[in-house]
Amino acid sequence: MDDFFEKAPKFYTFILTSDDYSFLSRRVKRRVAAGLTTSFQQDYQLSAVDAQMGVNFLIDSTLTLFRLYITGQLDLSLPDFKQRLVTLNMRGLQGFLNDFRG
């Protein structure tokens with residue numbers, strides 16, 4: 001997602017922050033989640049419910065953090081933001097705390 005954001009930041013900023021077009025981001029999210037759920041279920045031998053929960057958690061968390069970043073609520077450089085996002089998505093909160101705790 002961050003590659004797409006880098007290529008068209010104004011468009012994605014508008015779509016992710018506009019109340020008028022939130023229906024589009026929800027529609028895209030549903031389609032992406034459906035495809036990823038199937039992949040998670042097969043690749044990680046998860047039940048359909050567990051795959052759906054995991055995928056929706058990743059998507060919703062990532063989109064929320066992107067919204068915070070693009071609206072200037074996170075005082076981070078893009079590389080620092082990406083590093084934290086990847087850590088949270090790949091290693092969870094415990095990994096994030098281990099890497100970034102003061």
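Residues numbered from 1 in each chain as written. Predicted model: local features only at pLDDT ≥ 70, side-chain atom pairs only at ≥ 80, totals over all residues. Heavy atoms only, no water.

**Here's the deal with the overall build of the chain**
Definition in use: Note on conventions: DSSP H or I runs of at least 4 residues are helices, E runs of at least 2 residues are strands, and numbering of each starts at the N terminus. With a 1.4 Å probe rolled over the protein chains alone, any residue whose accessible area is under 20% of its type maximum counts as buried; one over 50% counts as exposed, and the rest are partly exposed. We call two residues in contact when some of their heavy atoms are within 4.5 Å. To measure how exposed things are, a 1.4 Å probe is used in the Shrake-Rupley method; for residues, cover is taken only from the protein chains shown.
Helix and strand counts for the chain come out as five helices and zero strands. The secondary structure elements of the chain, listed N-terminal to C-terminal, are α-α-α-α-α. Taking all 102 residues of the chain together, the buried fraction comes to 22%. Taking the intrachain contacts of the chain between residues at least 6 apart in sequence as the baseline, contacts between residues at least 24 apart amount to 35%. Per element, the accessible surface of the chain, about 7,300 Å² overall, is 57% carbon and sulfur.

**Let's talk about helix 5 (residues 78-100)**
Threshold: A helix's residues, less one, multiplied by 1.5 Å, set its expected span. Bend, at a single residue, is the angle you get between axes fitted to the 7 residues ending at that residue and the 7 residues starting at it.
Taking 1.5 Å of rise per residue, the 23 residues of helix 5 would be expected to cover 33 Å, yet its terminal C-alpha atoms sit only 16 Å apart, more than 12% below that figure. Where helix 5 bends most, at R91, the angle is about 130°. Elements that come into contact with the buried residues of helix 5 comprise helix 4 (48-70).

**Details of the packing of aromatic side chains**
Rule in force here: Classification of ring pairs uses Phe, Tyr and Trp, with its six-membered ring standing for Trp, and accepts pairs whose centres are within 6.5 Å; under 30 degrees between planes counts as stacked, over 60 as edge-to-face, and the remaining range as tilted.
Applying the stated criterion across every chain yields a total of four aromatic pairs. Ring centres 5.4 Å apart and planes at 75° place the aromatic pair F66 and F81 in the edge-to-face group. Residue F66 is located in helix 4, and its partner F81 is located in helix 5; the two are separated by 15 residues in the primary sequence. There is no split in this pair, since F66 and F81 are both buried.

**Observations regarding the packing of helix 4 against helix 5**
Formally: Each axis is a line fitted through C-alpha atoms, taken for helices only over the stretch in contact, and angles between the N-to-C directions span 0 to 180 degrees. These descriptions rest on fixed angle ranges, namely under 35 degrees for roughly parallel, over 145 for roughly antiparallel, 65 to 115 for roughly perpendicular, and the rest for oblique. Crossings are sorted by hand: turned counterclockwise from the far helix by less than a right angle, the near helix makes the crossing left-handed, and turned clockwise it makes it right-handed.
Put simply, helix 4 and helix 5 touch, their axes get as near as 11 Å, and they point 160° apart. Our classification of the angle between helix 4 and helix 5 gives roughly antiparallel. Handedness of the crossing formed by helix 4 with helix 5: right-handed. Contact with helix 4, carried on its side by L58, T62, L65, F66 and Y69, involves L78, F81, L85, L88 and N89 of helix 5 and no other residues of that element.

**Let's talk about the nonpolar core**
This is how the line gets drawn: We define the nonpolar core as a collection of buried residues of types Ala, Val, Leu, Ile, Met, Phe, Trp, Tyr and Cys that are connected through side-chain atoms lying within 4.5 Å of one another.
Counting six residues, the largest nonpolar core consists of A33, F40, A51, V55, I59 and L63. Secondary structure elements with two or more residues in this core: helix 3 (22-43) and helix 4. Element by element, the count of residues in this core is highest for helix 4, at four residues. Apart from the residues within four sequence positions on either side, V55 is in contact with A33, L36, T37 and F40.

**Here we look at the confidence of the model for the chain**
Quick note on the threshold: The pLDDT score gives, residue by residue, the confidence of the prediction method on a 0 to 100 scale.
Looking at the chain, pLDDT values average 86 and 81% of them are 70 or higher. For the chain, helix 1 (residues 2-7) is the element with the lowest average pLDDT, namely 61, and helix 5 is the one with the highest, namely 95.

**Some remarks on the side chain of K29**
Tracing the sequence through the fold places K29 in helix 3. Beyond its immediate stretch of four places on either side in the chain, K29 contacts N56, I59 and D60.

**Focus on the pattern of salt bridges**
This is how the line gets drawn: Salt bridges are defined by distance alone: a side-chain nitrogen of Lys or Arg within 4 Å of a carboxyl oxygen of Asp or Glu.
Counting across every chain of the model gives two salt bridges. In this structure, D60 and K29 form a salt bridge, with 3.3 Å as the shortest nitrogen-oxygen distance. Pair noted here: D60 is in helix 4 and K29 is in helix 3, with a separation of 31 residues, a long-range link. Among the salt bridges present, the one from R91 reaches D99, with a minimum N-O distance of 2.5 Å.

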